[in-house]
Amino acid sequence: MPENTFLYQLQRASAQEEALVALLIDPDKRPGKSWPDPILQLPDVLLVGGSLLTRGRIDACIRQLRARTDRPVFLFPGHSMQLSELADGILFLSLLSGRNPDYLIGQQVVAAPWLKRSGLEVLPTGYLLIDGGRLSSAAYITQTLPLPRDKPELAAATAQAAELLGLRLLYLEAGSGAPYPVPPGLIATLRQEVDLPLIVGGGLRSPEQVRAAAQAGAAMVVVGTAAEEDPGLLRELAAAARPSSGAADNQTAR
Ligand code: 1GP
């Protein structure tokens, strides 16, 4: 695995108790230009996308981000309409927790010819919705059921299928703005059962929750809503994800 890939960074993070930090930028909610510049230096990667975009434009959002930060930008597409060659890479998601063929393979077929030519780093990712305490936009838009949060054996079987199918990452998603993030116990179970880096997002609002996810085995935590509401909070959340580098970040980001 070439060391300059983002997949390599995730694999390395997977072996540690610290986690990388992703800031999710939904162009509908808070466009690229409205983020304070120092905040955009904090995450290891910027994810751009959303379950449904009504106004925001991916290209315009990435251009705004590029002008203000050198952080890598990866697409986190809710749909094959959310592609852009301005990004560095893409989480190429297959919604394995659901049984909607369009999100398991249909959107991917539409996107594949473009992606093959794009030069983007493609990260084959099993996407698992986990019940976060309310109906999420992702579950509604895809018309799929999330995995129960108290049945880690179901999530583990799904994760093992992802690994055996050859996917390289798993994204455990409680849903944007979820009342409850993915339970640390469930993260820990998957960490034991599969040898894939785990991305964990949805409902992470406090340093304690972020720390618990990192300690349970997340290779990367994703923060969206909490930072949209209070961009300054990202500094604390990033320090909780990777305490050994938190102090340095605090100094550069002020
Ligand atoms: C959603 O995991 C992300 O896809 C982020 O969720 O907005 O709750 O941080 P939040």
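Residues numbered from 1 in each chain as written. Predicted model: local features only at pLDDT ≥ 70, side-chain atom pairs only at ≥ 80, totals over all residues. Heavy atoms only, no water.

1. Notes on the overall build of the protein
The condition that has to hold: Helix numbering and strand numbering both begin at the N terminus, where a helix is a DSSP run of H or I of at least 4 residues and a strand a DSSP run of E of at least 2. Throughout, radius of gyration means the C-alpha value; the globule benchmark is 2.2 Å times the number of residues raised to the power 0.38. When accessible area is computed with a 1.4 Å probe and restricted to protein chains, residues below 20% of their type maximum are described as buried, those above 50% as exposed, and intermediate ones as partly exposed. Contact criterion: two residues are considered in contact whenever any of their non-hydrogen atoms come within 4.5 Å of each other. In these tables, accessible area is a Shrake-Rupley quantity obtained with a 1.4 Å probe, and a residue counts as shielded only by the protein chains included in the view. Under the convention used here, Asp and Glu are negative, Lys and Arg are positive, and both His and the chain ends fall outside the count. A charged residue contributes its charge at one atom only: NZ of Lys, CZ of Arg, CG of Asp or CD of Glu.
For the protein, the helix and strand inventory stands at eleven helices and eight strands. Expected size for 254 residues packed as a compact globule is a radius of gyration near 18 Å; at 17 Å, the protein falls within 12% of this value. Principal-axis analysis of the C-alpha atoms places the extent of the protein at approximately 45 × 40 × 35 Å. The 254 residues of the protein split such that 54% are buried. Counting contacts in the protein only where the partners sit at least 6 residues apart, residues at least 24 apart contribute 68% of the total. When the accessible surface of the protein is summed, it comes to about 11,200 Å², and 53% of that surface belongs to carbon and sulfur atoms. Of the charged side chains in the protein, 23 are positive and 26 negative, and the gap between their average positions amounts to 5 Å.

2. Let's talk about the sheet that holds strand S3 (residues 73–75)
Under the convention used in this document: By the convention used here, strands pair only if DSSP detects at least 2 bridges between them. Only C-alpha atoms enter the line fits that serve as axes; for helices the fit covers just the stretch in contact. Angles between N-to-C directions range over 0 to 180 degrees.
On the basis of which strands lie adjacent, the closed barrel formed by eight strands has the order S1-S2-S3-S4-S5-S6-S7-S8 and parallel pairing. Neighbour to neighbour, the strand axes of the sheet diverge by 30° on average, direction disregarded. For strand S1 (residues 20–25) and strand S8 (residues 220–223), the ladder comprises four bridges, and the chain directions are parallel. Bridge pairing in S8 links Leu23 to Val223.

3. Overview of the pairing of strand S6 (residues 169–173)
Let me state the cut-off plainly: A crossover gets the label right-handed when its path from the first strand over the helix to the second runs clockwise, viewed with the strands pointing away from the viewer.
In terms of residue burial, S6 counts as a mostly covered element, since five of its five residues are buried. The two faces of S6 match: Leu169, Tyr171 and Glu173 on one face and Leu170 and Leu172 on the other face are all buried. With five bridges joining them, strand S5 (residues 121–129) and S6 adopt parallel strand pairing. Within S6, the position partnered with Thr125 by the bridge is Leu169. Looking at chain direction, S6 and strand S7 (residues 198–201) are connected through four bridges and run parallel. What sits directly across from Leu170, in S7, is Leu198. Chirality of the crossover, the property in question, places the unit of S6, helix H7 (residues 184–193) and S7 among those that are right-handed.

4. Some words on the confidence of the model for the protein
For clarity, the threshold we go by: For every residue, the predictor reports its confidence as pLDDT, a number between 0 and 100.
Of the residues in the protein, 96% reach a pLDDT of 70 or more, and the chain-wide mean stands at 94. Below a pLDDT of 50 lies the segment residues 247–254, which in the model reaches seven contacts outside its immediate sequence neighbourhood of four places, other chains included.

5. Examining the nonpolar core
What counts here: Here the nonpolar core consists of buried residues drawn from Ala, Val, Leu, Ile, Met, Phe, Trp, Tyr and Cys, with membership extended through side-chain atoms lying within 4.5 Å.
By size, the foremost hydrophobic cluster in this structure holds 58 residues, and its most contacted members are Ile25, Leu172, Leu190 and Val221. Top contributing element to this core by residue count: helix H10 (residues 233–241), with six residues. One finds Phe74, Leu95, Leu129 and Ala138 within the second-largest nonpolar core, a separate group that totals 26 residues.

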